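Spelled out, the chains give:
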Amino acid sequence: MRLFPIYTWTKGIRNFDHRRRKFSNQPWAQGVILLACVVVAMLLANLPFTKELYHSILETKLSIFFKTPGGKDILFPKGMTVESFINDILMTVFFFTVGLEIRREMKNGELSSVKKALMPVIAAFGGVVAPALIFTLVNHGTAASTGWGIPTATDIAFAVGILSILGDKVPVSLKVFLTALAIADDLIAILVVALFYGGTINFGLLSIAVVLIILILIMNKLGEKRSWYYFIPAMVIWALFYYSGIHSTMSGVVMAFLVPMTPRYNEAYFHRKRIQYINRLNEYNGIASTSAEFPNGPQRHCLRRMSVISKGAIPMSYRLEHALGPWVNFLIMPLFALANAGVEIPDVSYFNVFHFDPALGGVSMGIFLGLLIGKPLGISLASFIAVKLKAGEMPANASWKMLIAVACLGGIGFTMSIFVDTLSFGDQTPEIMSKLRDMGKVAVLMGSLCAGLLGSLLITVINKLESKQGQ
């Protein structure tokens, strides 16, 4: 009878773990968690009894003090807080996984050939240029003019999650098209951040970083496959980027393109060793052991060696992408949302996205129109031009109406748009910069929400009309 509560407790844990795994395997799970974190962050930043604690946690110092022999204190990393730890360190891991995904797609995925890649890449460029132009037209000559990069990005998690919820209403070819477009869009966003949203560049530190990157590339070409030979230099490169003025998260993208994509052990070696150790396992089966259970001592050695060989047969880049994926999707991105979506809204004017201030500009208007109108317009127009010029092919079994509807989902900016927003307006005074960034975040949330709703509605309506026409 005493064992019954323990059995019930362990059974409950197993059931919870099963439900957790089932939920996390759903393609829309990350989007649901991110949305929940946005709501929580907004509440924490605006409720009277939580907003002070919320901001004090984000502003908590995390730098380590080092005392030199001369008695001078050195901070490392300089100026690091909880918020900057998330944005500068954890987001480096996010960009590293994005880089791994882009590299994988370039090798054998949706971006692996000119024919496969050209259509979504051209569409992605259109989806970057159009919202940037709309934002610039609205904010030219104002304090908000440098925020043109905010509405140019597409959030893969939310866009693909909505497509998964819509199910077979969208042709598979268009799902692949939007996924490839979002990947290309991420690459463009990374370049935008690197080129336009860094600080004053320290070319001395940057030169050291470049030399180290070249040495790692040479090491890769020489066939080095051990992870520690890449992990330690990656931390050094991050520090050099952090202090050189180029945003430190870009070091994650650089390292993603440096880690080996070829396995340590080739196919022939793996099969030869696998057969060898399996034969040894069979030979050791009758050897006496202190335990009657499998495996005995010699068998354990064989199994350990088989584990090492199996691990070495998978390229480091694939292992890292698989290992980091859950941490990025269900820890780093939710933390990023909690830290950056908590906008304190002093009055309802922040929700007036069409407000224009002669001095500050219309940052909310530029972002909102850029995401809701600019993204689908740019993607659709660039796709149309690509098809007419025969530079790209229309996705199979897809109509122009459905492509335009799917393009609306490209206006879901969220993660990358908020990230660019946190880097924007650095040329303004702290007070104006903070206000513009807060207004920008609200506009990103509202624009992304409206783009998602509009895309979902259009896809549902067009699917019904095309189904009736097909009958």
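Residues numbered from 1 in each chain as written. Predicted model: local features only at pLDDT ≥ 70, side-chain atom pairs only at ≥ 80, totals over all residues. Heavy atoms only, no water.

Student: What is the right way to look at the overall build of the protein chain in this model?
Tutor: Looking only at helices and strands, the protein chain features 17 helices and two strands. Per-residue burial for the protein chain yields a buried fraction of 46% across its 471 residues. Within the protein chain, contacts between residues separated by at least 24 positions form 77% of all contacts whose residues are at least 6 apart in sequence. Per element, the accessible surface of the protein chain, about 24,700 Å² overall, is 67% carbon and sulfur. (Helix = DSSP H or I, 4+ residues; strand = E, 2+ residues; numbered from the N terminus. Buried < 20%, exposed > 50% of the residue type's maximum accessible area, 1.4 Å probe, protein only. Contact = heavy atoms within 4.5 Å. Areas by Shrake-Rupley, 256 points an atom, 1.4 Å probe, with all protein chains shown as cover.)

Student: What am I meant to see in helix α9 (residues 228-244) here?
Tutor: Residue pairs three or four apart in sequence face the same way in an α-helix, which turns once every 3.6 residues. In this model α9 runs 24 Å from its N-terminal to its C-terminal C-alpha over 17 residues, within 8% of the 24 Å that 1.5 Å per residue would give. Just past α9, the residue G245 takes up positive phi, approximately 105°. (Expected span 1.5 Å × (residues − 1).)

Student: I would appreciate a short explanation of unusual backbone geometry in the present structure.
Tutor: For residues besides glycine, phi is generally negative; the peptide bonds are generally trans as well. Of note, the phi angle at K390 is positive, near 60°, even though the residue is not glycine. Tracing the chain through its elements places K390 in the loop between α14 (363-388) and α15 (400-408). When its relative accessible area of 76% is taken as the criterion, K390 is described as exposed. If you check the backbone angles, F425 has positive phi at about 65° while not being a glycine.

Student: Quick question: what am I supposed to make of the nonpolar core here?
Tutor: Taken as a class, soluble globular proteins show a tendency for nonpolar side chains to be buried jointly. Grouped together as the largest cluster of nonpolar side chains are 112 residues, with contacts concentrated most on F94, F95 and I459. With 12 residues, helix α7 (residues 172-196) is the single largest residue contributor to this core. Leaving out residues up to four positions away in the same chain, F95 has contacts with I190, T249, M250, G252, V253, M416 and F419. (Core = buried A, V, L, I, M, F, W, Y, C linked by side-chain atoms within 4.5 Å.)

Student: Explain the packing of aromatic side chains here, please?
Tutor: The relative placement of two aromatic rings is captured by the distance of their centres and the angle of their planes. One pass over the full model with this rule turns up 10 aromatic pairs. Between the aromatic rings of W228 and F231, the centroid separation amounts to 5.4 Å while the plane-to-plane angle is 90°, which identifies the pairing as edge-to-face. With a gap of three residues between them, W228 and F231 both fall in helix α9, about one helical turn apart. The exposure class of F231 is partly exposed, given its relative accessible area of 43%. Pairing F336 with F419 gives two aromatic rings, centres 6.3 Å apart and planes at 45°, and the pair type is tilted. Within this pair, whereas F336 is found in helix α13 (residues 316-340), its partner F419 is found in helix α16 (residues 414-423), the two being separated by 83 residues in sequence. (Phe/Tyr/Trp six-rings, centres within 6.5 Å; stacked < 30°, edge-to-face > 60°.)

Student: What's the story with the packing of α7 against α16 in this structure? I'm lost.
Tutor: The axes of two packed helices give the description: the angle between them and the distance between them. Running from N to C, α7 and α16 cross one another at 5°; their axes reach a closest spacing of 11 Å. With respect to α16, the element α7 is oriented roughly parallel. Contacts from D186, A189 and V193 in α7 reach M416, F419, V420 and L423 in α16. Here the residues of the contact of α7 with α16 sort into six nonpolar, no polar and one charged. (Axes fitted to C-alpha atoms, helices over the stretch in contact; angles between N-to-C directions. Parallel < 35°, antiparallel > 145°, perpendicular 65-115°, else oblique. Nonpolar A, V, L, I, M, F, W, Y, C, P; charged D, E, K, R; others polar.)

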